[in-house]
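Spelled out, the chains give:
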Amino acid sequence: MQAINDFILAAAGQPWVLFLVLACCFIDGFFPPIPSESVVVGLAAVAATADVPNPWLLTAMAALGAFAGDNFAYLIGRRVGTRRWQWMRGPRMQSAFRWAGRELRKRPASLILVARFIPIGRVAVNLTAGVTHYPHLRFVGLTVLSATIWAAYSVGIGLFFGQWFENNHFLGAVIAIVCAVGLGIVVDLVINRIRGKVPVVERLKDPDLQE
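Notes on the structure in this doc start here. As the structure is a prediction and not an experimental result, all values here were calculated from the model. (Residues numbered from 1 in each chain as written. Predicted model: local features only at pLDDT ≥ 70, side-chain atom pairs only at ≥ 80, totals over all residues. Heavy atoms only, no water.)

### Observations concerning the packing of aromatic side chains
Where we set the bar: Side-chain rings of Phe, Tyr and Trp (the six-membered ring for Trp) are treated as a pair once their centres are within 6.5 Å; stacked means planes under 30 degrees apart, edge-to-face means over 60, and tilted covers the remaining angles. Going along the chain from the N terminus, every DSSP run of H or I of four or more residues is numbered as a helix, and every run of E of two or more is numbered as a strand. Only protein chains enter the accessibility calculation, which uses a 1.4 Å probe; a residue whose area is less than 20% of its type maximum is buried, one above 50% is exposed, and one in between is partly exposed. In this scheme, the term charge over a ring applies when either NZ of a lysine or CZ of an arginine sits within 6 Å of the ring centre and within 35 degrees of the ring normal.
What the rule picks out here adds up to four aromatic pairs. With a centroid separation of 5.4 Å and 45° between ring planes, the pair formed by Phe26 and Phe72 is classed as tilted. Note that Phe26 is positioned in helix H2 (residues 16–28) and Phe72 in helix H4 (residues 55–80), a separation of 46 residues in sequence. Overall, the relative accessible area of 36% leaves Phe72 in the partly exposed class. Every member of this aromatic cluster is reached through a ring pair, and the members are Phe26, Phe30 and Phe72. Note that Arg116 overlies the ring of Trp150, its terminal NZ or CZ placed 4.7 Å from the centroid.

Dropping the structure here:
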């Protein structure tokens, strides 16, 4: 465990770690298996007690990567659609695409903002926005806001929980990540309860809810 803590602390202090954050957040905008939340929240938890990386720089790089990734996904959707690659053609992703298309016609602003906090949801929304030719300038404005809020939220969660584990950076990072995921699910449930609709997470899990 001490070896893991030493490695995490050493890596967090390297200049290249911020570029790793940028890359992960960028790729996560159009390829959901890349765990950008885990990287951002975990590093923020380390920063809470080790002062590296700088939380402000971490937030800026995470927001920039998220914004770039979301807009790259939009351009992919506009150019290639939602069936070009095998990972897009699975029933779960196709269900998400159909749901995103319907919701974009009803409430595009709130959908784009909320979807940033749901890994598969944001990819589906980003790609579908491009496919349906949602106005790009409007999409850019909304993703500036959503990426900034998401980055600040992720770093804030890491800082808050990380300070409780000054001597165990690994445990602090793990607990912060779990709490970030849990809070994301709670936000999704609350928003959809207010609307009286099935939560986004459940829609993405069950293709039958898309019809």
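That shown, we press on.
### As for empty space enclosed by the protein
So the rule is basically this: Buriedness of a pocket was judged along seven lines, with at least five required to meet protein on both sides within 12 Å; pockets are open sets of points on a 1 Å grid over the protein atoms alone, cavities are sets where a 1.4 Å probe fits but cannot get out, and lining residues have an atom within 4 Å of a point. Grid points are joined across faces, edges and corners, and a volume is the space filled by probe spheres set on the points. Residues are grouped as follows: Ala, Val, Leu, Ile, Met, Phe, Trp, Tyr, Cys and Pro are nonpolar; Asp, Glu, Lys and Arg are charged; all remaining types, including Gly, are polar.
Tallied over the full model, the rule gives two cavities of 30 Å³ or more. Each pocket or cavity is described by its volume, and for the second largest cavity that value is around 40 Å³. Contributing to the lining of the second largest cavity are Asp70, Ile112, Ala115, Arg116, Arg122, Val125, Asn126, Thr143 and Ser146. Secondary-structure elements contributing two or more residues to the lining of the second largest cavity are helix H6 (108–115), helix H7 (119–131) and helix H8 (136–162). The element best represented in the lining of the second largest cavity is H7, accounting for three residues. Tallied by class, the residues present in the lining of the second largest cavity amount to three nonpolar, three polar and three charged.

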